[in-house]
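# Structure at a glance
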Amino acid sequence: MRVTVDAGRCAGHGICEALVAEVFVLDGTGRSTVRAGSISEADRLPVEQAVACCPAQAISFSEDE
């Protein structure tokens, strides 16, 4: 699974980092970034929760091809 954050939409709420700090981190500008583009199956549910909880709808994910 690949996860991305649209930097233009991210408002820096930090909910994603609070839910899955292994995947998301706030950068120096206060915006969320992804630590690694590809994530493990074990992180699927927490990432799906982060996607659902993002107020700016800035996070998306897709299956690896």
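Definitions and limits used
Residues numbered from 1 in each chain as written. Predicted model: local features only at pLDDT ≥ 70, side-chain atom pairs only at ≥ 80, totals over all residues. Heavy atoms only, no water. Salt bridge = Lys/Arg side-chain N within 4 Å of Asp/Glu carboxyl O. Helix = DSSP H or I, 4+ residues; strand = E, 2+ residues; numbered from the N terminus. Buried < 20%, exposed > 50% of the residue type's maximum accessible area, 1.4 Å probe, protein only. Contact = heavy atoms within 4.5 Å.

Turning to the pattern of salt bridges, a few remarks are in order. Enumeration over the complete set of coordinates arrives at three salt bridges. Close ionic contact of R44 with E41 constitutes a salt bridge, the shortest N to O distance being 2.7 Å. In this structure, R44 and E48 form a salt bridge, with 3.5 Å as the shortest nitrogen-oxygen distance. Of this pair, R44 and E48 both sit in helix α2 (residues 44-53), four residues apart, roughly one helical turn. Overlapping salt bridges bring together E41, R44, E48 and E63 as one network.

Assignment of secondary structure puts A58 in the loop between α2 and β4 (59-62). By relative accessible area, which is 3% here, A58 ends up buried. Measuring from C-alpha to C-alpha, the distance between A58 and S32 comes to 9.1 Å, with 26 residues separating the pair along the chain. Once you skip the residues sitting within four places of it in the chain, A58 turns out to touch T4, V5, D6, R9 and C10.

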